[in-house]
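One-letter residues, chain by chain:
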Amino acid sequence: MSRGDTCIARTMKSYQKLTTAVPQPAACQVEEEGAAATPARHGKLAPSWVGSGLLVAAVLLSTTTVWVLRQVSEGWPGPALPPKCLLVPESHRFDCYPERRVVVTQELCESRGCCFIESTPPAGGKRGVPWCFYPPDFPSYTLESLNKTALGMVGLLMRREKAYYPQDIEMLRLDVEFETDTRLHIKITDAANPRYEVPLEVPRVMKRAENPIYSLDFSWDPFGVLLRRRATGTVLLNTTVAPLIFADQFLQIATSLPSRFLYGLGEHRGTFLHSLDWSTLTLWARDVSPMESFNLYGAHPFYLLMEEGGDAHGVFLLNSNAMEVALQPAPGLTWRTIGGILDFYIFLGPDPNMVIQQYQQVIGFPAMPPLWALGFHLCRWGYGSSNETWQTVRAMRNYQIPQDAQWNDIDYMDGYRDFTLDPQKFASLPSLVEDLHKHGQRYVMILDPGISSTNPHGSYWPFDEGLRRGLFLNTTQGQPLIGQVWPGSTAFADFSNPDTHQWWLENLQQFHAHVPFDGLWIDMNEPSNFMDGSEDGCPPGELDSPPYTPAVLGDSLSAKTVCASAKQKASVHYNLHNLYGLMEAKATASALIQIRGKRPFVISRSTFPSQGRYSGHWLGDNRSQWKDMYYSIPGLLSFSLFGIPLVGADICGFSGSTSEELCTRWMQLGAFYPFARNHNTQNEKAQDPTVFSPAARTAMKDVLLTRYSLLPFLYTLFHHAHLQGDTVARPLFFEFPQDVATLGLDRQFLWGRSLLVTPVLEPGLDSVTGYVPQGVWYDFYTGSSVNSSGEMLKMSAPLEHLNLHVREGAILPTQKPGTTSEATRGNPLRLIVALSSSATAWGDLFWDDGESLDTFERGNYSYLVFNVTQNTFTSTILHSSTEATKVTISTLSIFGVRDVPSKVLLNGQEKPFSYLDNQVLTVSNLGLSLSQGFSLQWL
């Protein structure tokens, strides 16, 4: 079907009166229900060209679709610059020469057919307004045909003029699928030849969405997508703002954005809310201590955007190649990637929680962690021996400080080789692990993907066997690529090969027989290399030296990693680099399930979308500095968006030396990381809680006991993350999307919807100022209330105190804390009820054995719902298992009871109670089994 056939007669008639000499952008709207197509709204701007130049300027300045409209160049007064260039406002200039390390001259710029206007560069070497930018009439693709399919549409795009990158592709295929009412899938690829696509399992829909909350328009010439939210008419995507370029190794598409409130696009260090002031975010997995403005360990090509009015949408580009995302104040965004295809999923929400759920419906929901994973973890590089490690464990027990897991870094290994044990310094490790297990604790060890390659043949099975089976990354010559990591010369396991997963399992089985570890920490899996490429460098060619290199740290794809040309089973490393950590995590989680038969616990440094199905993440090699503590919160919240809820930073900082004050404040914040681990580097003084003054040690112990008391609540939050993609650590604006004051907040966060954490992030303070959203909030410890109009409030915060507030209307299940999650599990529960201003509340509890596989899927769990209305608390059991019979509910604390009750009835029987002036009603010694429903009434 030709273009004209699709835009039916009614549409064509509306263009007939525009028969001027100026070429018009043809446009067509495609209704999802297959109704008659109508012209796209921006097509109607065309007549303005006929009017005066001033009107043209006004139209252009007021819209982001500047380049859709063709130039008027005849008789234009003014400087020698083409008038079409002058019409483009600075904020709307899309970069035509993004290459780094190049001084862009007018000659270079115009050789690409672009506009060149110098502007004052910003201070501090930052990038500012591009000097070289696309004119409104820069050649792009045209939409040649569009046909309806069962799920959406298929179209053909044609480029008649070559772009300026080699091997640009003349004919593209456009696939549009209306997958659900809130999810749209748009895919653009080579119409003639297959290209690399990310090997990620994504859902296949069988029928087209019936009532989508979005509408889709196309511009035909130049090709562009316009996506609107039906309810508000907000334009979410408009890709006509700059040309589409699709060459073999340079793919670029840009869009306007409906607001400046953009989040995601990891992994980076910075504020949670991105700056749109000409910033570029690069996605290429890299081992580097977190610093602002560099590409870090993981790659997450997903953003969340808050629209005006509180609606939200998300965009995911399913592409694993080296990539950069350029942000500009228009507001606008440009995706540039150097391989694969353009495979977009757009999630329409409409609220931010729903956007993240919809994203995870595509990439997969996170695994349910074992309960012990949510306890406190302790580690350092440089314990020196298993006996020294053991001494730390004993000291923690001696002071009765909660600890679930003890870890070791690479010093347990013999010569830093995987699957080995230092026979002198760590000879007692098997006994230490046995002792941990006796005390209800767990052991976690580090593993790196670089396998030592220089041992005498026959002396190191992991390398010999990996070589025999051909399981390593190879050079272009077909030999194992040799780099350098901790043990010296190393080969790199190829986890894109299923046979490697079996070899990895066999290695872990052999080691587990000797040291029965419980979880694994996979590090260095970007993969990290102490040399660039390999011991022989990298060969010449377009994979290691592509026509365009995104703004990666080190200016080369092979900087501190392996050659992009390295061969892997599934493809070349050029395509698979960003997937390395994900593929290793998949192999590691699978091995742990086969070895232990229980839920796996894996923490990975490098990550990619869907990682949450296999592992958690820690935020890497941070420093013992106050700003690093602050930056952990944006990191935490970003990974919540990415579907990896089990996340935390090294508490007290990894490198550098902490102070007692910093470590105390960091332990308070870290006690509310979903994944809480204190970790330290070698040759620095110890920073576990036992080494500080009695006052600091007590403050650290107290906040860990608070965490342990909240484990039933935290565990239930993880259940909801696993089941439907809810976030655990949550930005405030997720719960208050219409409160614009919350959009930039990243010094506080919520657990779920109802527990507000306000840490101290600066030295020398005994108070903290935090934002308290509108409503009634209760002090977690005392139950005293604060009624906020949505304001910044100053809170007392002496060194031993972390401010925690419970939101009105919530019911939190808590438990008397023990020193391990196992000890805590058996203790009685206390339910904290925070009454709303209308005296209602709701909460829930998920309970199972804490470690078996698929308990929810197999029905081996209990699920309770708690409710308060009309002065009556009810506990309703929606699903029950034997585990619930082992636990009792002993106490109900009800915050916000305005009048002194005359009596309290439990299932109709009178019970003693206490009532305090701050309106807290407490009923103790209930002795109710968790497996019984009950009601409690106060009169």
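Residues numbered from 1 in each chain as written. Predicted model: local features only at pLDDT ≥ 70, side-chain atom pairs only at ≥ 80, totals over all residues. Heavy atoms only, no water.

**Comments concerning the packing of helix α9 (residues 461–469) against helix α10 (residues 498–514)**
Look at α9 against α10: their axes get within 11 Å of each other, and the N-to-C directions meet at 160°. Taken together, the axes of α9 and α10 are roughly antiparallel relative to one another. For the pair α9 and α10, the sense of crossing is right-handed. Where α9 approaches α10, its residues Trp461, Pro462, Glu465, Gly466 and Arg469 are matched on the opposing element by Gln502, Trp503, Glu506, Asn507 and Gln510. Grouping the constituent residues of the contact of α9 with α10 by class yields three nonpolar, four polar and three charged. (Axes fitted to C-alpha atoms, helices over the stretch in contact; angles between N-to-C directions. Helix = DSSP H or I, 4+ residues; strand = E, 2+ residues; numbered from the N terminus. Parallel < 35°, antiparallel > 145°, perpendicular 65-115°, else oblique. Left-handed = near helix turned anticlockwise from the far one by under 90°. Contact = heavy atoms within 4.5 Å. Nonpolar A, V, L, I, M, F, W, Y, C, P; charged D, E, K, R; others polar.)

**Some points on the nonpolar core**
Grouped together as the largest cluster of nonpolar side chains are 237 residues, with contacts concentrated most on Trp335, Phe672, Phe873 and Leu936. Setting aside residues no more than four positions away along its own chain, tryptophan 335 makes contact with Leu251, Gln252, Ile253, Leu265, Pro301, Tyr303, Val315, Leu317, Met323, Glu324, Val325 and Phe344. Counting 27 residues, the second largest nonpolar core, distinct from the first, contains Cys96, Tyr164, Trp284 and Tyr548. (Core = buried A, V, L, I, M, F, W, Y, C linked by side-chain atoms within 4.5 Å. Buried < 20%, exposed > 50% of the residue type's maximum accessible area, 1.4 Å probe, protein only.)

**Describing the confidence of the model for the chain**
When pLDDT is averaged along the chain, the result is 92, and 92% of the positions lie at 70 or above. Here residues 1–27 is modelled with pLDDT under 50, and outside its nearest four sequence neighbours on either side it reaches 56 contacts, counting other chains as well. Confidence over residues 31–79 falls short of pLDDT 50; this stretch has 117 contacts with residues more than four positions distant or in other chains. (pLDDT = per-residue confidence, 0-100.)

**Description of the environment of isoleucine 894**
Topologically, isoleucine 894 is positioned in strand β45 (residues 888–895). Since its relative accessible area comes to 0%, isoleucine 894 is described here as buried. Separated by 28 residues in sequence, isoleucine 894 and threonine 922 have C-alpha atoms that sit 6.2 Å apart. Sequence-distant contacts of isoleucine 894, that is, excluding residues within four places in its chain, are made with Val833, Leu835, Gln919, Val920, Leu921, Leu936 and Trp938.

**Quick word on the sheet that holds strand β12 (residues 250–256)**
The strand order across the open sheet formed by five strands is β11-β12-β18-β17-β14, and the pairing between neighbours is antiparallel. Looking at strand neighbours, the two that pair on one side only are β11 (245–247) and β14 (280–283), the edges of this open sheet. Here the average twist between neighbouring strands, direction ignored, is 15°. Pairing analysis gives six bridges linking β12 to strand β18 (residues 332–337), with the strands arranged antiparallel. Residue pairing in the sheet places glutamine 252 in a bridge with arginine 336 of β18. (Pairing = 2+ DSSP bridges.)

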